[in-house]
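Coordinates in review
The primary structure of each chain is shown beneath.
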Amino acid sequence: MKKNIAVYPGSFDPITYGHLDILKRGLELFDKIIVAVAYNVDKRALFTVKERMELIRESIKGNSHVEVDSFEGLLVDYVKKVNARFVIRGLRAMSDFENEFQMASMNRNLNKDMDTIFMMTSKDYFFISSRTIKEVASFNGCVSGLVPEIVDKKLKEKFAKK
Ligand code: COA
C-alpha cells in the first residue's frame, strides 16, 4: 500500500510544544511525517540547523513515524524529492493566515500536485512563537511547559554563554 507522507517544514528555532502538538495530530492523518528544518537566510537563528534537528530528534523520542531532515531552496522541490504530496502548517491566529495563504498559493502555483493542510494550533499553545520563547529565555524567564525539557536546558546553556 502507498504510504501517505507529509512534510512539516519550518525554522524550528527551537521546536516548541506548539509544533509538537501539530506533529502529534498530523500523525493521525499521515503514516509518516518528515519534519524539515529550513535554512532560512532571512531569519537570524539562535540554534544551528544541526542543533535544531538534534532538538527535534530528542523531542520526538524515537517515534518511528517521524523523520527529521533539513532542506535548502524551494519547499516544492524538497517535497518532490522525498515523494510527498502534502505539507502541514499550523495556524495560530488570523494574523498567520495571510502569509500562509500566500505561501500555499505560490507553492500550488509551482506544483499543482502539492497541497497544504492547515491545522489549528491548540488553545494551550496558540500564543507561542519561537521568537517569544527565545526572548523570555534570554531574560532568564520561565518557558517550561511551553518547550520540551531538553529545549529549555539548551536555551539556558545558550544564554548563559552570551
Ligand atoms: N505553535 C507555536 N508556534 C508556531 C506554530 C505552532 N503550531 N507554528 C508555527 N509557529 C511559529 C514558529 O515558532 C515561528 O516563530 P518565529 O517567527 O518567532 O520564529 C513562526 O510561527 C513561523 O515560523 P515557521 O513555522 O518556522 O515558518 P517560517 O515562516 O519560519 O518558515 C517555511 C516557513 C520554511 C516553510 C518557508 O519559509 C519555506 O517554505 N521556505 C523555503 C523557500 C520557499 O520555498 N519559498 C517559497 C515559499 S512561497
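Residues numbered from 1 in each chain as written. Predicted model: local features only at pLDDT ≥ 70, side-chain atom pairs only at ≥ 80, totals over all residues. Heavy atoms only, no water.

Description of the sheet that holds strand 4 (residues 86-91)
Put simply, the rule is: DSSP calls a pair of strands paired once it identifies at least 2 bridges connecting them. Counting from the N terminus, the helices are DSSP H or I runs at least four residues long and the strands are E runs at least two residues long. Angles here are taken between N-to-C directions and fall from 0 to 180 degrees, while the axes themselves are lines fitted to C-alpha atoms, restricted in helices to the stretch in contact. Contact definition: two residues touch when any of their heavy atoms are within 4.5 Å.
Taken together, five strands build an open sheet; the order of strands is 3-2-1-4-5 and the sheet is parallel. Edge strands, defined here as strands with exactly one partner in the open sheet, are strand 3 (66-71) and strand 5 (115-120). Across this sheet, the average inter-strand angle for adjacent strands is 30 degrees, counted without regard to direction. The sheet contact formed by strand 2 (residues 32-38) and strand 3 spans six bridges and is parallel. Paired with Ile 34 across the bridge in strand 3 is Glu 67. On the sheet, helix 1 (residues 17-26) packs against strand 1 (5-10), strand 2, strand 3, strand 4 and strand 5 and is oriented at approximately 115 degrees with respect to strand 5.

As for the pattern of salt bridges
Applied cut-off: Here, a salt bridge means any side-chain nitrogen of Lys or Arg that lies within 4 Å of a carboxyl oxygen of Asp or Glu. The cut-offs for exposure are 20% and 50% of the maximum accessible area for each residue type, with area from a 1.4 Å probe on protein chains only; residues under the lower value are buried, those over the upper are exposed, and the others partly exposed.
As enumerated under the stated definition, the model contains 15 salt bridges in all. With its nearest N and O atoms 2.7 Å apart, the salt bridge here joins Asp 21 to Arg 25. Taken together, the residues Asp 21 and Arg 25, both in helix 1 and four residues apart, mark about one turn of the helix. A relative accessible area of 14% means that Asp 21 is categorised as buried. The closest approach of N and O atoms between Glu 67 and Lys 32, which form a salt bridge, is 2.8 Å. Placement of Glu 67 in strand 3 and of Lys 32 in strand 2 is noted, with a sequence separation of 35 residues between them. The class of Glu 67 is partly exposed, set by a relative accessible area of 33%.

Here we look at the environment of Asn 107
Checked against the element boundaries, Asn 107 lands in helix 4 (residues 94-110). Overall, the relative accessible area of 12% leaves Asn 107 in the buried class. Linking Asn 107 and Lys 50, residues 57 residues apart in sequence, is a C-alpha distance of 26 Å. Ignoring any residue separated from it by four or fewer positions in sequence, one finds Asn 107 in contact with Leu 75, Val 76 and Met 114.

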